[in-house]
Amino acid sequence: MAAVLKVRMTLSLPLIFLLMISGDLVFLANQKCSQPVNHFACSRLLTSGFFGQDWNVIYETESICAPKGSTVNMSCTYRYPQQLKLNDTYWITRGDPDIKSLKAYPEYKDRVEYIEDRQNKTAVLKLHKVTERDERGYIFRLITERENERWIGVPGILLHVSALQVKAPQLVMEKKTFNLSCETTCSLTDGFIWYKNGQALNLHNQTLQLQSERSDSGRYSCAVRGHEHLPSPAVSITVMYPPENTTVSVSPSGEIVEGDSVTLICSSDSNPPALNFSWFKEIQTSTVGSGQSFSISSFNSSHSGRYYCEAQNEYGSERSASVSVTVKERSSSLIRVTVGITAAVVLTSVILMVFIGLLIRRKRVTPSEEQNPRGSQPNKTLESPGDTYMTLEPKSRCSEYDTLDNMKRSG
């Protein structure tokens, strides 16, 4: 009892228990010593000071956080009594009752590598393709030539495995701010890489704050630097916006002839696509149709005018500019009109010619005829050509006519 009390006073510890398992010395209590004794000195006291031996395992870190699917390196340095010959070293899992090497288990056999430098007394456990099932403590064990001279270096290294996950809203309104976060179940300190549609972005924070633009729609994933081949599952983000660039097109696009079938089509750019469409005709207060297309089966002059449409989705609406739709008469109607106009012109020409002829004839009538009452009969009936000559006014006779008249009379 006195010896035990002396040890307690020397270590300045509240209480420390040591357990012998299959000849292995195992610490079951906190290995920290009171100040100013450091960790190395503490280990010396606990091993050499109490048992007269020199055993120790120092791990590079107490815990490791690794991305799922990655390869993890867990390393340590060790010491053992130099008078002993080291036969074997290997890694075990904390809590394994059989204290067997990881390579003895099928779930580890093909994923485990032991790397050791006995001259420098360093050891590395390389564990490939880690999963959540690998989350536990890993401990280095030393075995010497003596059956009762073995060491288990508790507490070991605690492995945490994190599956990366992108947290983001699936739907985002245009020009609104939203966050993208690469979530982990443990602290990964190597930095992050973001991907959009498989292409790396020049963004490296674990959380991103973006003001949405239409071009931001896509599939986003993240990865840890150094493990770019292990990205998280992609998450789709869709940027929503009301209708824009609303336009009206007319089919057929050429001249519209009376009686043709005419279709007006309303187009717009929106997300989600516009489902509600209304049609308007200028000057009219009410709608003239609905649906993305508006058809008039037999177009005539009463349908002519300017038309526009309104596209609407759950985020807003927009009206298009108006377009002019005018009917052109058929060729048969034009022919009838042309023939009518031609006939009118011809008839007018004929009437004008007759009128002019009458005027010319009236000017040729003699003054004596003008003095006769209209409708009266001449006093003398013309019986021969000579009478015709005699009816000429004497004053208008010329010398040649007199000569002809005398010859006629002498004959």
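Residues numbered from 1 in each chain as written. Predicted model: local features only at pLDDT ≥ 70, side-chain atom pairs only at ≥ 80, totals over all residues. Heavy atoms only, no water.

How do you make sense of the overall build of the protein chain when you look at a structure like this?
Per the secondary structure count, the protein chain includes seven helices and 28 strands. In the protein chain, which comprises 411 residues, the share counted as buried stands at 33%. (Helix = DSSP H or I, 4+ residues; strand = E, 2+ residues; numbered from the N terminus. Buried < 20%, exposed > 50% of the residue type's maximum accessible area, 1.4 Å probe, protein only.)

Looking at this structure, I do not really get the packing of aromatic side chains. What am I missing?
The description of an aromatic ring pair rests on the distance of the ring centres and on the angle between the ring planes. With the rule as written, the count across this model stands at nine aromatic pairs. An angle of 15° between the planes, with centres 5.2 Å apart, marks the rings of Phe280 and Tyr308 as stacked. With Phe280 in strand E22 (residues 276-281) and Tyr308 in strand E25 (residues 305-313), this residue pair connects regions lying 28 residues apart in the sequence. Both residues of the pair, Phe280 and Tyr308, count as buried. One aromatic cluster is present, built from ring pairs that chain together Tyr59, Tyr78, Tyr80, Trp91 and Phe140. A cation sits over an aromatic face here: Lys100 above Tyr105, 5.3 Å from the ring centre. The side chain of Arg214 reaches across the aromatic face of Tyr241, ending 3.7 Å from its centre. (Phe/Tyr/Trp six-rings, centres within 6.5 Å; stacked < 30°, edge-to-face > 60°. Lys NZ or Arg CZ within 6 Å of the ring centre and 35° of its normal.)

Quick question: what am I supposed to make of a nonpolar patch on the surface here?
Judged by side-chain polarity, Leu352, Phe355, Ile356, Leu359 and Ile360 come together as a nonpolar surface patch covering roughly 460 Å² of accessible area. Among the structural elements, Leu359 can be located in helix H4 (residues 331-363). (Patch = residues over 30% accessible without salt bridge, like charges linked within 9 Å, V, L, I, M, F, W, Y side chains within 5 Å. Areas by Shrake-Rupley, 256 points an atom, 1.4 Å probe, with all protein chains shown as cover. Salt bridge = Lys/Arg side-chain N within 4 Å of Asp/Glu carboxyl O.)

Explanation requested: the sheet that holds strand E5 (residues 72-79) in the structure shown.
Pairing is antiparallel across the open sheet formed by four strands, whose spatial order is E3-E5-E8-E7. Both edges of this open sheet fall to strand E3 (56-59) and strand E7 (112-117), since each of them pairs with a single strand only. Taking each pair of neighbouring strands and ignoring which way they run, the sheet shows an average axis angle of 20°. Pairing analysis gives six bridges linking E7 to strand E8 (residues 122-127), with the strands arranged antiparallel. Residue Ile115 lies in a different strand from E8, and its bridge partner there is Val124. (Pairing = 2+ DSSP bridges. Axes fitted to C-alpha atoms, helices over the stretch in contact; angles between N-to-C directions.)

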